[in-house]
2 protein chains.
Amino acid sequence: MRVPESKNIALGETQQDLIIFLKQHHLTITKTRIKIIELFQESESALENNLIEKKTQHQFDRITVYRTLQAFLKTGIIHAIPTYSNSIRYALCKGDCNEHAHIDNHLHFICEKCGKTICLDKADISIIQLPKDYTIHKADAILSGICNVCKTAK
Amino acid sequence: MRVPESKNIALGETQQDLIIFLKQHHLTITKTRIKIIELFQESESALENNLIEKKTQHQFDRITVYRTLQAFLKTGIIHAIPTYSNSIRYALCKGDCNEHAHIDNHLHFICEKCGKTICLDKADISIIQLPKDYTIHKADAILSGICNVCKTAK
DNA sequence: GTAACTGCAAAATATTTGCATCCTT
DNA sequence: AAGGATGCAAATATTTTGCAGTTAC
């Protein structure tokens, strides 16, 4: 298949788009990878290894899921999100991230009730004033509280 | 010992101050707790369980360290810091935190070179605009890059 | 003396690595 | 056919829990 050249590698809706997307990131096409990317697309909140295993009903080996996430991370498809717990969460990169450049400055919200981690793309944290003698590569804000769903659910 | 009443429970320099501090937080005084608080005071960067074990030269059982951290966390002496890794880091609360109220809105900087996590107290992230339908209890910003020490060390 | 803290054992959870086998290109 | 991806086994790291012995108040 011919892979279109593009600076802005965007993730389309159809499975065909998804295959192109993976190829653009120089990843081989496998059932695992397609399924896990689809999961990320469906989910509005961040995912951790454990959660992916459950959502795929243990269709794939736990280790395969770890390795898939590592491959996605390395090629800039997903990014890690800092958490207060001891498991690493990931979410799809919305921007123009790839192996070489990773732009990932945004807000993350962790709900204290349901535990979901949600990327809030609209907000921008570049307004934060930084100390002079530090070089900043990446900025992440973690907000915690009660999310919109849990609030209305009471 | 008479424990002075105070709204602003502050941590003093001497070991005597430290004992008063622990009592104000309704914690019994033990060798472990004194040593670990002292460690936090000495260290300008955040500590994880592992690191505390090493710094105390395994003087205390690993499990005791975990439980000490939990006690400190519960009484508002320390706060957890979100990380990209799978171990939980803690730092002393500088403000007026206690069992009931926890004010902890500040910047955390993680150095990509030396791995240190540093609390940058001066900066304030309350200026971040938040979505309307979310209730925020706590805000934390994680900046990563190169810290002042590693920068000059080259 | 009583309640709380500590240490050992054991278990649960999260993640990594090695190797043989299978799938993608 | 070759290289990469997968799955199983095994190992490591982090954290939690139970229980008996010790310490703080």
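Above this text is the structure in question.
Residues numbered from 1 in each chain as written. Chains lettered and ligands numbered in written order. Predicted model: local features only at pLDDT ≥ 70, side-chain atom pairs only at ≥ 80, totals over all residues. Heavy atoms only, no water.

Just to check I follow, could you spell out the relation of the copies chain A and chain B for this structure?
Turning one copy of the chain about an axis and sliding it along that axis gives the other copy, so a rotation and a shift relate them. Overlaying chain A with chain B gives an RMSD of 0.1 Å, the required rotation being 180° about an axis along which the chain moves by 0.0 Å. The superposition of one copy onto the other is thereby described by a two-fold rotation axis. Here 100% of the contact residues of chain A are again contact residues in chain B; the copies associate through an equivalent surface. (Least-squares fit on C-alpha atoms with pLDDT ≥ 70 in both. Contact = heavy atoms within 4.5 Å.)

What is the right way to read the side chain of H25 of chain A from this model?
In this structure, H25 of chain A sits in the loop between α1 (15–24) and α2 (31–42). From its side chain, H25 of chain A meets the backbone oxygen of T75 of chain A in a polar contact 3.1 Å long. (Helix = DSSP H or I, 4+ residues; strand = E, 2+ residues; numbered from the N terminus. Polar contact = N/O pair within 3.5 Å; in protein donor to acceptor, adjacent residues only side chain to side chain.)

So what exactly am I meant to see when it comes to the pairing of strand β3 (residues 89–92) of chain B here?
On a regular strand, one side chain projects to one face of the sheet and the next to the other, so that they alternate. All names here are of chain B. Residues R89 and A91 point to one face of β3 and Y90 and L92 to the other, with burial holding for every one of them. Bridge count between strand β1 (residues 47–48) and β3: 2 bridges; the pairing is antiparallel. Opposite E48, over in β3, you have R89 as the bridge partner. Of the pairings in the sheet, the one linking strand β2 (residues 78–81) to β3 comprises 4 bridges and is antiparallel in character. Bridging across to β3, I78 finds its partner in L92. (Buried < 20%, exposed > 50% of the residue type's maximum accessible area, 1.4 Å probe, protein only. Pairing = 2+ DSSP bridges.)

So what exactly am I meant to see when it comes to the interface of chain A and chain B here?
Note on interface size: it is often stated as the accessible area lost on association of the parts. Contact residues are listed per partner, giving 38 residues for chain A and 38 residues for chain B. Around 3,200 Å² of area is buried between chain A and chain B when both sides are counted, 61% of it from carbon and sulfur atoms. At the boundary of chain A with chain B, the tally comes to 0 salt bridges. Counting every contact that joins chain A to chain B gives 8 residue pairs in polar contact (both at pLDDT 80 or more). (Buried area = accessible area lost by both parts, 1.4 Å probe. Salt bridge = Lys/Arg side-chain N within 4 Å of Asp/Glu carboxyl O.)

Please clarify how the packing of aromatic side chains should be interpreted in this entry.
Here the distance between the centres and the angle between the planes together describe a pair of aromatic rings. This structure, assessed with the given rule, holds 2 aromatic pairs over all chains. Centroid distance Y134 of chain A to F109 of chain B: 4.6 Å. Interplanar angle 70°. Geometry classified as edge-to-face. Taken together, the residues span two chains, with Y134 of chain A in the loop between β5 (117–120) and β6 (135–146) and F109 of chain B in strand β4 (residues 106–111). Under the relative-accessibility criterion, Y134 of chain A is labelled buried at 12%. Here F109 of chain B falls in the buried class, since its relative accessible area comes to 0%. (Phe/Tyr/Trp six-rings, centres within 6.5 Å; stacked < 30°, edge-to-face > 60°.)

What am I meant to see in the protein's contact with DNA strand D here?
DNA strand D sits among 22 residues. The nearest are T32, R33, T64 and R67 of chain A together with Q70 of chain B. One of the side-chain nitrogen or oxygen atoms of R67 of chain A is found 2.6 Å away from a base oxygen of DNA strand D. Within the backbone of I29 of chain B, a nitrogen or oxygen atom sits 3.1 Å from a phosphate oxygen of DNA strand D. For the surface near DNA strand D, the elements supplying multiple residues, two or more each, are α2 and α4 (62–74) of chain A together with α3 (49–55) and α4 (62–74) of chain B. Looking at the surface near DNA strand D element by element, the count peaks at 5 residues for α4 of chain B. (Near = heavy atom within 4 Å.)

Got a minute to help me understand the sheet that holds β1 of chain B in this structure?
Across a sheet, paired strands are connected by hydrogen bonds in the backbone, their directions being either parallel or antiparallel. Residues and elements named next belong to chain B. A sheet is described by the order of its strands in space; here 3 strands give the open sequence β1-β3-β2, paired in antiparallel fashion. Each having just a single partner strand, β1 and β2 make up the two edges of the open sheet. Contacts between helix α2 (residues 31–42) and the sheet are confined to β1, β2 and β3, with β3 contributing the most and set at about 85° to the helix. Where α4 meets the sheet, its contacts fall on β2 and β3, and the angle it forms with β2 comes to roughly 105°. (Axes fitted to C-alpha atoms, helices over the stretch in contact; angles between N-to-C directions.)

Mind showing me how you'd approach the protein's contact with DNA strand C here?
Inspection of the region around DNA strand C gives 21 residues, with Q70 of chain A together with T32, R33, T64 and R67 of chain B positioned closest. If you look at DNA strand C and keep only atoms within 4 Å of the protein, 71% of those are sugar or phosphate atoms. A distance of 2.8 Å separates a phosphate oxygen of DNA strand C from a polar side-chain atom of Q70 of chain A. At a separation of 2.7 Å, a phosphate oxygen of DNA strand C approaches a polar side-chain atom of R33 of chain B. Those elements that place two or more of their residues in the surface near DNA strand C are α4 of chain A together with α2 and α4 of chain B. The element best represented in the surface near DNA strand C is α4 of chain A, accounting for 5 residues. A per-class count over the surface near DNA strand C returns 5 nonpolar, 11 polar and 5 charged. (Nonpolar A, V, L, I, M, F, W, Y, C, P; charged D, E, K, R; others polar.)

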